[in-house]
Amino acid sequence: MSNRSIAPVLPTVSRAFVQDWLDALYRRFPDAQVRSMLRESGIKAADPDGRGRVTHDQITLLYQIVVAQTGDEMMGLWSRTVRPGALKHLCASVLGASSLAAALYRFSTFWNLVLDDCQLTLTKTDTEVVLQIEPVQGAELSRFGQMLILKLAHGVASWLVFREIPLARVGFAFERPGFAQDYPVLFPGPVQFGGAASRLAIAAELGELPISRQEADMRAFLQRAPRDWIFTAMREHALPLRIRESLLLSDRMGLTLGEAAEELHVTPRSLIRHLRAEGTSFQAIKDGVRRDLAMRDLAQGKSIEAVSQDTGFASPASFHRAFLSWTGVTPAQFRTQSQGG
């Protein structure tokens with residue numbers, strides 16, 4: 001293992017994860033406009049082989065482009081347009097709350113005034129504060145829309161108290177999708193599917209935290225949206241992300257399964273079993289880290305040979321084959337696309 005520090009490498013998410021959002025855009029806006037917005041953000045208009053990946057920067061840029069061009073701060077995901085300025089009023093409202101739980105209550109009442117499709121409720125017990133989304137009169141809620149409301153709640157709550165709030169649990173009303181591994185990238189807590197309603201829960205004591213932000217902090221937060229709240233910064237909550245961090249700190253992705261198990265104080269067989277239960281494997285996590293690191297460095301103009309070496313491949317040719325299998329494009333094609341070529 002190496003003690004070197006490296007620049008953070010945010011995980012990518014699968015193209016399938018954002019497809020609900022893209023489908024909503026195509027339903028609400030002209031096809032040519034949507035294709036233009038995707039092109040400007042660097043996201044392909046189609047993903048025929050299902051191997052496409054979307055980066056944090058691309059999600060942020062597409063959000064900003066869609067809001068600017070359509071005047072909808074929730075990007076066509078709901079039946080009613082959420083006009084520009086709504087998020088500013090939301091932040092101004094929660095800033096005046098007496099505690100984090102009170103801020104989440106204001107969050108719920110704000111969206112109940114703005115959205116027609118769903119109803120948000122906040123309940124408190126001795127152990128938890130729970131924010132829940134339920135459809136109104138049988139409305140069909142998109143998976144991405146439900147995720148975004150809960151992620152926005154978590155992002156705003158974390159911003160209000162100057163720390164990322166750990167989640168006791170996150171649950172969704174829809175069945176476990178094929179891209180379920182993308183959800184821990186966004187939510188720092190156990191994620192479940194197939195529940196009666198979509199909800200997130202925090203420990204009751206966290207609900208008592210005082211609000212620390214001032215109105216002067218709001219402008220930068222909104223200008224950067226959704227950059228500061230879309231992906232989680234916590235890595236300890238999910239086993240695959242803990243392994244990911246260890247791989248990033250190793251020399252040329254040199255961490256072995258045995259070394260990872262030793263760090264986690266489990267046997268290799270136990271680690272394999274736990275990862276299988278989460279629908280992944282040590283090699284899949286390692287490939288994901290290599291892919292995301294390569295995508296970042298290629299987009300920054302680094303040479304293919306250097307990226308190949310940094311990600312632990314024996315040769316540029318073997319890296320070329322692996323990158324093509326991960327993304328459906330060659331390293332050279334990806335670098336050209338990322339740099340607007």
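Report on the accompanying structure.

Rules behind the numbers
- Residues numbered from 1 in each chain as written.
- Predicted model: local features only at pLDDT ≥ 70, side-chain atom pairs only at ≥ 80, totals over all residues.
- Heavy atoms only, no water.
- Core = buried A, V, L, I, M, F, W, Y, C linked by side-chain atoms within 4.5 Å.
- Buried < 20%, exposed > 50% of the residue type's maximum accessible area, 1.4 Å probe, protein only.
- Helix = DSSP H or I, 4+ residues; strand = E, 2+ residues; numbered from the N terminus.
- Contact = heavy atoms within 4.5 Å.
- Expected span 1.5 Å × (residues − 1).
- Disulfide = S-S within 2.5 Å.
- Salt bridge = Lys/Arg side-chain N within 4 Å of Asp/Glu carboxyl O.
- Phe/Tyr/Trp six-rings, centres within 6.5 Å; stacked < 30°, edge-to-face > 60°.
- Lys NZ or Arg CZ within 6 Å of the ring centre and 35° of its normal.
- Pairing = 2+ DSSP bridges.
- Axes fitted to C-alpha atoms, helices over the stretch in contact; angles between N-to-C directions.
- Polar contact = N/O pair within 3.5 Å; in protein donor to acceptor, adjacent residues only side chain to side chain.

### Describing the nonpolar core
- Membership of the largest hydrophobic core comes to 81 residues, with the highest contact counts inside it found for Trp-21, Phe-107, Trp-111 and Leu-160.
- Of the residues forming this core, the biggest block, eleven residues, is contributed by helix 6 (residues 143-160).
- Non-local contacts of Phe-107, meaning those with residues more than four positions away in its chain, are made with Leu-90, Val-94, Leu-120, Leu-131, Ile-149, Leu-152 and Ala-153.

### Details of helix 11 (residues 282-299)
- Compared with the 26 Å implied by 1.5 Å per residue over 18 residues, the 26 Å span of helix 11 between its first and last C-alpha is a close match.
- By the criterion of burial, helix 11 is predominantly enclosed, with 13 of the 18 residues buried.
- Of the residues one or two after helix 11, Gly-301 is the one with positive phi, at around 90 degrees.

### So, the state of the cysteines
- In this structure the tally under the stated criterion is zero disulfides.
- Free cysteine Cys-118: the closest other cysteine sulfur is in Cys-91, separated by 18 Å.

### Let's talk about the pattern of salt bridges
- Under the defined criterion, the tally for this structure stands at twelve salt bridges.
- Residue Asp-20 is joined to Arg-143 by a salt bridge in which the shortest nitrogen-to-oxygen separation is 2.8 Å. Here Arg-143 lies in helix 6 and Asp-20 lies in helix 1 (residues 15-28), a separation of 123 residues in the sequence.
- Looking at Asp-20, the relative accessible area reads 14%, which means it is buried.
- Across the salt bridge formed by Arg-169 and Glu-128, the nearest N and O atoms sit 2.7 Å from each other. In this pair, Arg-169 sits in strand 5 (residues 169-172) while Glu-128 sits in strand 4 (residues 128-135), placing the two residues 41 residues apart along the sequence.

### Looking at the packing of aromatic side chains
- If you walk through the whole model with that rule in mind, you get 19 aromatic pairs.
- Geometrically, the ring pair formed by Trp-21 and Phe-144 is stacked, given 5.3 Å between the ring centres and 20 degrees between the ring planes. Of this pair, Trp-21 sits in helix 1 while Phe-144 is found in helix 6, placing the two residues 123 residues apart along the sequence.
- The class of Trp-21 is buried, set by a relative accessible area of 2%.
- Residue classification places Phe-144 among the buried residues on the basis of a relative accessible area of 4%.
- With centroids separated by 6.2 Å and ring planes inclined at 20 degrees, the aromatic side chains of Phe-179 and Tyr-183 adopt a geometry described as stacked. Across the pair, exposure class does not vary: Phe-179 and Tyr-183 are buried alike.
- Among the aromatic side chains, those forming a connected cluster through ring pairs are Phe-17, Trp-21, Phe-144, Phe-172, Phe-174, Phe-179, Tyr-183, Phe-187 and Phe-193.
- Looking at Lys-151, its charged tip hangs above the ring of Phe-187, at a distance of 5.6 Å from the centre.

### Remarks on the sheet that holds strand 5
- The strand order 3-4-7-5-6 describes an open sheet built from five strands, whose pairing is mixed. Bordering the open sheet on either side are strand 3 (118-124) and strand 6 (191-193), each of which pairs with just one other strand. For this sheet, the mean angle separating the axes of adjacent strands, direction not counted, is 15 degrees.
- Two elements, strand 4 and strand 7 (residues 198-203), share six bridges in a ladder whose sense is antiparallel. Each residue of the ladder has a partner; that of Val-129, found in strand 7, is Ile-202.
- Each of strand 3, strand 4 and strand 7 touches helix 5 (residues 100-114); the most contacted strand, strand 3, lies at about 165 degrees to it.
- With respect to the sheet, helix 6 is in contact with strand 3, strand 4, strand 5 and strand 7, its orientation differing from that of strand 7 by roughly 20 degrees.

### Section: the environment of Arg-176
- Take Arg-176: it is sitting in the loop between strand 5 and strand 6.
- Measuring from C-alpha to C-alpha, the distance between Arg-176 and Val-191 comes to 9.8 Å, with 15 residues separating the pair along the chain.
- Look past the residues within four positions of Arg-176 in its chain and what remains in contact with it is Phe-193 and Glu-278.

### Observations regarding the side chain of Thr-327
- By the element assignment, Thr-327 lies in helix 13 (residues 316-327).
- Relative accessible area serves as the criterion here: at 11%, Thr-327 is assigned to the buried category.
- Among the polar contacts made by the side chain of Thr-327, one reaches the main-chain carbonyl oxygen of Phe-323 at a distance of 2.9 Å.
- In this structure the side chain of Thr-327 is engaged in a polar contact, spanning 3.1 Å, whose partner is the backbone oxygen of Val-329.
- In contact with Thr-327, not counting residues within four places along its chain, are Arg-51, Arg-291 and Met-295.

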